[in-house]
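Spelled out, the chains give:
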Amino acid sequence: YIFPTEYATNFAGEDHYLFHIAHRIIDYRDLKKQCGIVVVSLDEDLLHSVLYMEEEEQEGRSCNLLIDQNGRIISGLDESWIGETLSGSSGMQDEKALADEIRTFLKEREIKSPAQYDVYTFTDRKLEWVIVNAINRLNFWQEVRRSLLIIGAVWLLLLGITIYLLHRQTDKLVSSVHTVT
């Protein structure tokens, strides 16, 4: 069983949120015997570090969320979002409706221009989690333009070098032909 992320404690001035994974201990010689339960509690920071690379979070290029089957946020950009439920969400619904709910959620949280975000979802049926990736379309196209400019500059540089080398070679050939004649 997986239990949703919840506030655990405040330690050294920092709030800590934990999610729990529990599994029953089974004696395979006697399946009805109740041996116990193992509970592993993991800090939400682990999920956060998986969802975000440091520079991605700082530049606001994307917003990633983990949502459970009830539409409750397990992990996201801001710790204050943990435990919130998407309005009217059943969690495991169609992607278009979920994308609209994510945009509404981002707008309510005053994220810059949520309409500029392309929202992609992946549903993990085994965990019953929805992984949401909302990419800022403007930042994406700025990155593409920057990459194209760099590629174009390198291409022009290589073209210039090639023309220069060809010109040098043809000058040598022309001067050697003039010398022979």
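Just so we're clear, the structure is a prediction, and the values are computed from it rather than from any experiment. (Residues numbered from 1 in each chain as written. Predicted model: local features only at pLDDT ≥ 70, side-chain atom pairs only at ≥ 80, totals over all residues. Heavy atoms only, no water.)

**Student:** Can you lay out the packing of aromatic side chains for me, pointing to particular residues and giving the numbers?
**Tutor:** In the structure shown here, the tally under the stated rule is 1 aromatic pair. Between Trp81 and Phe105, the ring centres sit 5.1 Å apart and the planes meet at 85°, which makes this aromatic pair edge-to-face. With Trp81 in the loop between β5 (73-75) and α3 (95-108) and Phe105 in helix α3, the pair connects residues that are 24 residues apart, well separated along the chain. Residue Trp81 shares its accessibility class with Phe105, and that shared class is buried. (Phe/Tyr/Trp six-rings, centres within 6.5 Å; stacked < 30°, edge-to-face > 60°. Helix = DSSP H or I, 4+ residues; strand = E, 2+ residues; numbered from the N terminus. Buried < 20%, exposed > 50% of the residue type's maximum accessible area, 1.4 Å probe, protein only.)

**Student:** So, the sheet that holds strand β7 (residues 129-136): which residues are in play, and what are the values?
**Tutor:** Strand pairs in the sheet, formed through backbone hydrogen bonds, run parallel or antiparallel to each other. Overall, antiparallel pairing links the 4 strands, which are arranged β5-β4-β7-β6 in an open sheet. Only two strands of the sheet have a single partner each, and these edge strands are β5 and β6 (117-124). Looking at each pair of strands side by side, their axes are set apart by 30° on average, direction ignored. Pairing between β6 and β7: 8 bridges, direction antiparallel. Of the residues in β7, the one forming a bridge with Phe122 is Ile131. (Pairing = 2+ DSSP bridges. Axes fitted to C-alpha atoms, helices over the stretch in contact; angles between N-to-C directions.)

**Student:** Could you give an account of the pairing of strand β4 (residues 62-68), with specific residues and numbers?
**Tutor:** Of all 7 residues in β4, 7 are buried, a share of seventy percent or more. On β4, burial covers both faces: Ser62, Asn64, Leu66 and Asp68 on one face and Cys63, Leu65 and Ile67 on the other are all buried. Pairing of β4 with β5, which is carried by 2 bridges, proceeds in the antiparallel orientation. In the sheet register, Ile67 faces β5, and the bridge partner there is Ile73. Once β4 ends, the chain turns through 4 residues before running back antiparallel as β5, passing Gly71 with a positive phi of about 80°.

**Student:** Residue-level account of the nonpolar core, with values.
**Tutor:** Formed by 23 residues in total, the largest nonpolar core has its most connected members in Leu65, Ile67, Trp81, Leu86, Ile102, Leu106 and Val132. Only α1 (44-51), β4, β5, α3, β6 and β7 provide two or more residues apiece to this core. At 5 residues, the largest contribution of residues to this core is made by α3. (Core = buried A, V, L, I, M, F, W, Y, C linked by side-chain atoms within 4.5 Å.)

**Student:** Tell me about the pattern of salt bridges, and name the residues and values.
**Tutor:** According to the stated counting rule, one finds 4 salt bridges in the structure shown. One salt bridge connects Arg137 with Asp118, and the closest N-O pair in it is separated by 3.0 Å. Here Arg137, found in helix α4 (residues 137-180), pairs with Asp118, found in strand β6; they are 19 residues apart in sequence, far enough to count as distant. Judged by relative accessible area, Arg137 falls into the partly exposed class, the value being 31%. Here Arg146 makes a salt bridge to Glu143, at a shortest N to O gap of 3.3 Å. You can see Arg146 and its partner Glu143 sitting in helix α4, 3 residues apart, about one turn around the helix. Accessibility expressed as a relative area gives 47% for Arg146, which makes it partly exposed. Note on Glu143: relative accessible area 29%, which makes it partly exposed. (Salt bridge = Lys/Arg side-chain N within 4 Å of Asp/Glu carboxyl O.)

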